[in-house]
Amino acid sequence: MPEAFRNFLALLGWAPGNDEQFLRTSELIEKFSLDRVSHTNAVFDRPKLEWFNTQFLQKLPIEELLPEVEADLKRSGLWKEEWAGGTGHEWFSKTVDLLRPRVRLLPDFSTWSRAFFSDEFDYEQAAKDKFWKDPKVPDLLSKTAEALAALTE
């Protein structure tokens with residue numbers, strides 16, 4: 001997320017004067033002063049950046065996160081306009097809120113969380129060959145699909 005990246009970059013060579021780590025851009029601007037800039041070399045730590053991003057995804061108010069997730073789903077071709085308003089928006093909001101403690105980066109919503117936003121998947125042939133070799137699997141999958149389709153919610 002751009003705001004997480006800005007926050008991380010700011011803290012590479014500057015400290016706000018307390019133990020705060022997560023600062024919104026407006027807070028960074030308000031608290032920044034040159035006298036708190038470090039005289040030592042900063043070290044760019046990608047795992048820490050990803051951790052920052054994860055923290056921002058979890059702490060950001062849901063209504064601020066939804067447009068970011070929507071843009072990611074549009075880029076990946078998964079967005080459905082029905083999620084923009086009404087009960088579709090409520091479902092979308094709850095789904096994003098359910099997933100966000102598990103995502104590290106914004107594109108995780110359209111990659112590993114794809115099952116929540118699409119019914120279409122590409123299967124790896126090697127995985128299919130390995131796990132679907134039992135002749136009972138197609139019948140079991142068919143029965144599972146029927147049972148799930150019969151559920152009201």
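Shown above is the structure to which this text applies.
What counts, and at which threshold
- Residues numbered from 1 in each chain as written.
- Predicted model: local features only at pLDDT ≥ 70, side-chain atom pairs only at ≥ 80, totals over all residues.
- Heavy atoms only, no water.
- Helix = DSSP H or I, 4+ residues; strand = E, 2+ residues; numbered from the N terminus.
- Buried < 20%, exposed > 50% of the residue type's maximum accessible area, 1.4 Å probe, protein only.
- Contact = heavy atoms within 4.5 Å.
- Areas by Shrake-Rupley, 256 points an atom, 1.4 Å probe, with all protein chains shown as cover.
- Phe/Tyr/Trp six-rings, centres within 6.5 Å; stacked < 30°, edge-to-face > 60°.
- Core = buried A, V, L, I, M, F, W, Y, C linked by side-chain atoms within 4.5 Å.
- Salt bridge = Lys/Arg side-chain N within 4 Å of Asp/Glu carboxyl O.
- Polar contact = N/O pair within 3.5 Å; in protein donor to acceptor, adjacent residues only side chain to side chain.
- Axes fitted to C-alpha atoms, helices over the stretch in contact; angles between N-to-C directions.
- Parallel < 35°, antiparallel > 145°, perpendicular 65-115°, else oblique.
- Nonpolar A, V, L, I, M, F, W, Y, C, P; charged D, E, K, R; others polar.

Caption draft 1: Structural context of the overall build of the protein chain. Along its length, the protein chain carries seven helices and zero strands. Counted from the first residue to the last, the protein chain has its helices and strands arranged as α-α-α-α-α-α-α. Each of the three principal axes of the protein chain carries a C-alpha extent, and together these read 70 × 40 × 25 Å. Expressed as a percentage of its 153 residues, the buried residues of the protein chain come to 29%. In the protein chain, of all internal contacts separated by at least 6 residues, the share reaching a separation of at least 24 is 59%. Carbon together with sulfur atoms contributes 56% to the accessible area of the protein chain, which is approximately 10700 Å² in total.

Caption draft 2: Examining the packing of aromatic side chains more closely. Tallied over the full model, the rule gives 15 aromatic pairs. Ring geometry for Trp 83 versus Trp 91: centroids 5.3 Å apart, planes at 35°, classification tilted. Aromatic side chains Trp 83 and Phe 117 sit 5.6 Å apart centroid to centroid with 65° between the ring planes, which places their arrangement in the edge-to-face category. With Trp 83 in the loop between helix H4 (62-75) and helix H5 (86-99) and Phe 117 in the loop between H5 and helix H6 (125-131), this residue pair connects regions lying 34 residues apart in the sequence. The class for Trp 83 is buried, based on a relative accessible area of 5%. The rings of Phe 8, Phe 22, Phe 44, Trp 51, Phe 52 and Phe 56 are connected pair by pair, giving a single aromatic cluster.

Caption draft 3: Focus on the nonpolar core. Among the nonpolar cores identified, the biggest contains 23 residues, and Leu 65, Val 69, Leu 73, Phe 92 and Val 96 are the most heavily contacted of them. Mapped by element, the contributors of at least two residues to this core are helix H1 (2-12), helix H3 (46-59), H4 and H5. If you tally residues by element for this core, the top one is H4, at five residues. If sequence neighbours within four positions are ignored, Val 96 has contacts with Ile 62, Leu 65, Leu 66, Val 69 and Phe 109.

Caption draft 4: Broad picture of the pattern of salt bridges. Considering all chains together, one arrives at 10 salt bridges under this definition. For Glu 64, the salt bridge is made with Arg 24, and the minimal N-O distance between the two is 2.4 Å. A residue pair is termed long-range when its members are at least 10 positions apart, and Glu 64 in helix H4 and Arg 24 in the loop between H1 and helix H2 (25-31) qualify at 40 residues. Taking relative accessible area as the criterion, Arg 24 reaches 28% and is therefore assigned partly exposed. Among the salt bridges present, the one from Arg 46 reaches Glu 50, with a minimum N-O distance of 3.2 Å. Pair noted here: Arg 46 and Glu 50 are both in helix H3, with a separation of four residues, about one helical turn. Accessibility expressed as a relative area gives 14% for Glu 50, which makes it buried. Residues joined in a network through salt bridges with shared partners are Glu 3, Arg 24 and Glu 64.

Caption draft 5: Seen up close, the environment of Ser 38. Note on placement: Ser 38 falls in the loop between H2 and H3. Here the alpha-carbon distance between Ser 38 and Leu 11, two residues 27 residues apart in the chain, equals 9.6 Å. Here Thr 40 takes part through its side chain, which lies 2.8 Å from a polar atom of the side chain of Ser 38.

Caption draft 6: Geometry of the packing of H4 against H5. Running from amino to carboxyl end, H4 crosses H5 at an angle of 95°, the nearest separation of the two axes being 10 Å. Between H4 and H5, the angle is such that the two are roughly perpendicular. Where H4 abuts H5, its residues Ile 62, Glu 63, Leu 65, Leu 66, Val 69, Glu 70 and Leu 73 lie against His 89, Phe 92, Ser 93, Val 96 and Asp 97. Along the lines of polarity and charge, the residues of the contact of H4 with H5 split into seven nonpolar, two polar and three charged.

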